[in-house]
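# Fold and geometry: a report
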Amino acid sequence: MRILDTHLHMIYLDKFSYPWLDGTPLNHAWPLDSYLATARELGIDGAVHMEVDVAEKDIEAETSFVVGLDPFIRGAIISGRPEKPGFAAALERAAAVPGVKGMRRILHTSPDGLSGSDLFAENIRRLEAHGMTFDLCVLARQLPVGQHLVDRCPGVSFILDHCGVPDIAGGDFETWSKAISELALRPNVAAKISGIIAYAGENWTIEDLRPYFEHVVAAFGWDRVVWGSDFPVCTLTADLRAWVGVTHRLLSGTSETEQTKLLSANAQRIYRIESGMI
């Protein structure tokens, strides 16, 4: 069964600056070639590139580079700074680039108040006119912060990254699950099944992941879930092959239609991706 990966990071240290990488195990080059051969073996036949929080000076250059890199890249979710007055002009330039599907502003490593300003919400609402989505990346404790932003931007399509970053290793399922259920009541929000192996500790098992996967699917329904590899972040506790394998195991017993929705069809609809090249 074909897979459309909605969360591929590519890191080109020779081209762009990534301040957050300093001191991390990921601090080396992760070009497309480091992903492509294994991805194709696993049935992944296209990917959406997810911005990698490059230095602000490199945002537009990263966008231009990734959308023209290879036909395998079916679109790009670009970085943006909605908290800044110059956002509107930057958005107009970005929206004119073929292949740009949406935007993300990292919130899970930012102060909780960053997305709470009137300017931030006003600028996110600008995405609607361009048909662009917003990937919502918040910690589990910040899910109410994300919900507040969603409520102020009802015309924008949001995708919640990494199942809302649950603390699987810490085991606080109840607080997270209640917040997920509340957020899922908003019809303009979808959820991305991605990243959770990075939050489950080094010795995670499929049974550690299953309650989180099943709750997200139950809350959002099969029409509002997409799949992402979170490569290369997934390599912190496993690898791409392991994550795809455990995904198929989690999907065991579901229908072919449900699997198709999660693995490709929903992503094509939500991110407006044609079957062929961008």
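Residues numbered from 1 in each chain as written. Predicted model: local features only at pLDDT ≥ 70, side-chain atom pairs only at ≥ 80, totals over all residues. Heavy atoms only, no water.

### Focus on the overall build of the chain
Test applied: Put simply, DSSP H or I for four residues or longer makes a helix, DSSP E for two residues or longer makes a strand, and each gets a number counted from the N terminus. Based on C-alpha atoms, the radius of gyration is set beside the globule rule, defined as 2.2 Å times the residue count to the power 0.38. Relative accessibility thresholds used throughout: buried, under 20% of the residue-type maximum; exposed, over 50%; partly exposed, between the two (1.4 Å probe, protein chains only).
A tally of helices and strands in the chain yields nine helices and eight strands. Taken over the C-alpha trace, the chain has a radius of gyration of 17 Å; the compact-globule value for 278 residues is 19 Å, and the two agree within 12%. Considering only C-alpha atoms, the chain reaches an extent of 50 × 40 × 40 Å along its principal axes. The buried share of the chain, reckoned over its 278 residues, is 54%.

### With respect to the packing of helix α7 (residues 206–220) against helix α8 (residues 240–250)
Packed helix pairs are specified by the crossing angle of their axes together with the interaxial distance, meaning the distance between the axes. Our working definition: Here an axis means a line fitted to C-alpha atoms, over the contact stretch when the element is a helix, while the angle between two N-to-C directions is reported on a 0 to 180 degree scale. Oblique is the label for any angle not covered by the other classes, which are roughly parallel (under 35 degrees), roughly antiparallel (over 145) and roughly perpendicular (65 to 115). The handedness criterion is simple: a crossing whose near helix is rotated anticlockwise from the far helix by less than a right angle is left-handed, and one whose near helix is rotated clockwise is right-handed. Contacts between residues were defined by any pair of non-hydrogen atoms, one from each residue, lying within 4.5 Å. Residue polarity is assigned by list, with Asp, Glu, Lys and Arg as charged and Ala, Val, Leu, Ile, Met, Phe, Trp, Tyr, Cys and Pro as nonpolar; anything else, Gly included, falls into the polar class.
The contact between α7 and α8 brings their axes to 11 Å, and the two run at 60 degrees. If you check the angle between α7 and α8, you find them oblique. As α7 packs across α8, the resulting crossing turns out to be right-handed. Contacts from Ile-206, Leu-209, Arg-210 and Phe-213 of α7 reach α8 at Trp-243, Val-246, Arg-249 and Leu-250. Looking at the contact of α7 with α8, its residues break down into six nonpolar, no polar and two charged.

### Focus: the sheet that holds strand β3 (residues 73–79)
We apply this condition: Any two strands between which DSSP finds at least two bridges are classified as paired.
Pairing within the open sheet is parallel, and its eight strands lie in the order β1-β2-β3-β4-β5-β6-β7-β8. With partners counted over all chains shown, the strands left at the sheet margins are β1 (3–8) and β8 (225–227), one partner each. Taken over all neighbouring pairs, the strand axes of this sheet differ in orientation by 30 degrees on average, direction set aside. In the sheet, strand β4 (residues 100–104) pairs with strand β5 (residues 133–136) via three bridges, with the strands oriented parallel. Following the sheet pairing, Met-103 is matched in β5 by Phe-134.

### Here we look at the pattern of salt bridges
What counts, and what does not: The rule for a salt bridge is simple: a side-chain nitrogen of Lys or Arg has to be within 4 Å of a carboxyl oxygen of Asp or Glu.
Here the structure, examined in full by the defined rule, presents 19 salt bridges. Where Arg-141 meets Asp-112, a salt bridge forms, and the shortest distance between an N and an O atom there is 2.8 Å. Placement of the pair is Arg-141 in the loop between β5 and α5 (143–152) and Asp-112 in the loop between β4 and α4 (118–125), with a sequence separation of 29 residues. Owing to a relative accessible area of 55%, Arg-141 belongs among the exposed residues under this scheme. Ionic pairing is found between Arg-152 and Asp-118, a salt bridge with its closest N-O pair at 2.5 Å. Placement of Arg-152 in helix α5 and of Asp-118 in helix α4 is noted, with a sequence separation of 34 residues between them. Its relative accessible area of 58% is what places Asp-118 among the exposed residues. Salt bridges sharing common partners tie together Glu-51, Arg-104, Asp-135, Asp-161 and Lys-192.

### Details of the pairing of β1
Basically, it comes down to this: The crossover handedness rule: strands pointing away from the viewer, path from first strand over the helix to second strand clockwise, crossover right-handed.
By the criterion of burial, β1 is predominantly enclosed, with six of the six residues buried. Judged from the four bridges that link them, β1 and strand β2 (residues 44–50) form a sheet pairing that is parallel. Bridge pairing in β2 links Leu-4 to Gly-46. For the crossover that starts at β1, traverses helix α1 (residues 33–41) and ends in the parallel β2, the hand is right-handed.

Just geometry here; none of it tells us what the structure is for.
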